[in-house]
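Geometric and topological summary
Chain by chain, the residues:
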Amino acid sequence: MNPSVIASVALATVVPGVANADPLQVQVLEAARSVTANDFAFTQAVRFERTGAPTKQVVQRYDPRRGTASWKLVKVDDHAPAAKEITDFAKMSAKARPPSYAQIADWFGAPATRVATTPTTVTYHFAHLPKGAVKMGPFDASTHTSIEAVVNIAGRVPFVEIARFTSNKSFRMMLVVNVQRFVVTTTNRLLPDGRPVPETTATEFAGSFMGGAQTLKTRTVYSDFQLLR
């Protein structure tokens, strides 16, 4: 589940919720707040690998112009989806928050430490995240998570190119799920008009379900962005 580099320090005083952010963070936040999930239609292809289950691949299309039916299941394991798969997917996706670069703003204004700088990148470490920054369904994993974010400062628009979310302790969800460790790595890119969009998301979860050891890996690729506004 990004950064010309020096902004006026005064700008930080007019951006809500970022009193601790440095000038580059403020620029990144402004870019994240300039886009929304409703700006684009796009396709996402997801590959699932889970202990004891066959690998599964699904292709989905998101188009906010379709309202409550904004998600469409396009393909399952290289074949057209069956009627039940379409019905199940519709129920599951109805309340799903669509991926968007805008979600960077959920956490990038938190206190951070610059841990590395190159001519084209600045890397930040976020040891503590605000509530609601990392949600797993209804569960808020923010206090269990730290983030390392690589901001690309090579072009006109600074943006978070890579963000790596890592659990800092084990935790339990829904009584029967024990998450021992997770790593989520997201990459983003700029469209030709300079707007940032998601590129890939890779997840790795290890833990137990109903007392049995489980691992889950996913890889999502976002493509075919269509500008809507």
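One numbering rule holds for all chains: residues counted from 1, following each sequence as written. In keeping with the model being predicted, local features are shown solely for residues with a pLDDT of at least 70 and side-chain atom pairs are shown and tallied solely at 80 or more, while totals for entire chains, interfaces and linings include all residues. With hydrogens and water excluded, all non-hydrogen atoms of the structure serve as input to the side-chain values.

It is worth spelling out the packing of aromatic side chains at this point. Two aromatic rings, drawn from Phe, Tyr or Trp (for Trp, its six-membered ring), form a pair once their centres lie within 6.5 Å of each other, and the interplanar angle then sorts them: stacked below 30 degrees, edge-to-face above 60, tilted otherwise. Evaluation of the coordinates by the stated rule reveals 15 aromatic pairs. Ring centres 6.1 Å apart and planes at 85 degrees place the aromatic pair Phe171 and Phe182 in the edge-to-face group. Here the residue Phe171 occupies a position in strand 10 (residues 171-173), and Phe182 occupies one in strand 11 (residues 177-190), the gap between them amounting to 11 residues. For the pair Phe171 and Phe182, one class covers both residues: buried. Centre to centre, the rings of Phe182 and Phe205 are 5.5 Å apart; their planes meet at 25 degrees, and the pair counts as stacked. Within this pair, whereas Phe182 is found in strand 11, its partner Phe205 is found in strand 12 (residues 196-209), the two being separated by 23 residues in sequence. Summary of the burial criterion: residues with accessible area below 20% of their type's maximum are buried, those above 50% are exposed, and those between are partly exposed, where the area comes from a 1.4 Å probe applied to protein chains only. We classify Phe205 as partly exposed; its relative accessible area is 23%. Members of the aromatic cluster, connected to one another through ring pairs, are Phe40, Phe42, Tyr62, Trp71, Tyr222 and Phe225. Helix numbers and strand numbers start at the N terminus; a helix is a DSSP run of H or I with at least 4 residues, a strand a run of E with at least 2.

Once that is clear, we can look at the pattern of salt bridges. In what follows, salt bridge is the name for a side-chain nitrogen of Lys or Arg lying within 4 Å of a carboxyl oxygen of Asp or Glu. Going through the model one piece at a time under the given rule, you end up with 7 salt bridges. With a closest N to O distance of 2.7 Å, Lys84 and Asp88 form a salt bridge. Placement of both Lys84 and Asp88 in helix 2 (residues 83-93) is noted, with a separation of 4 residues, approximately one turn of the helix. A salt bridge links Asp193 to Arg195, with the nearest nitrogen and oxygen atoms 3.0 Å apart.

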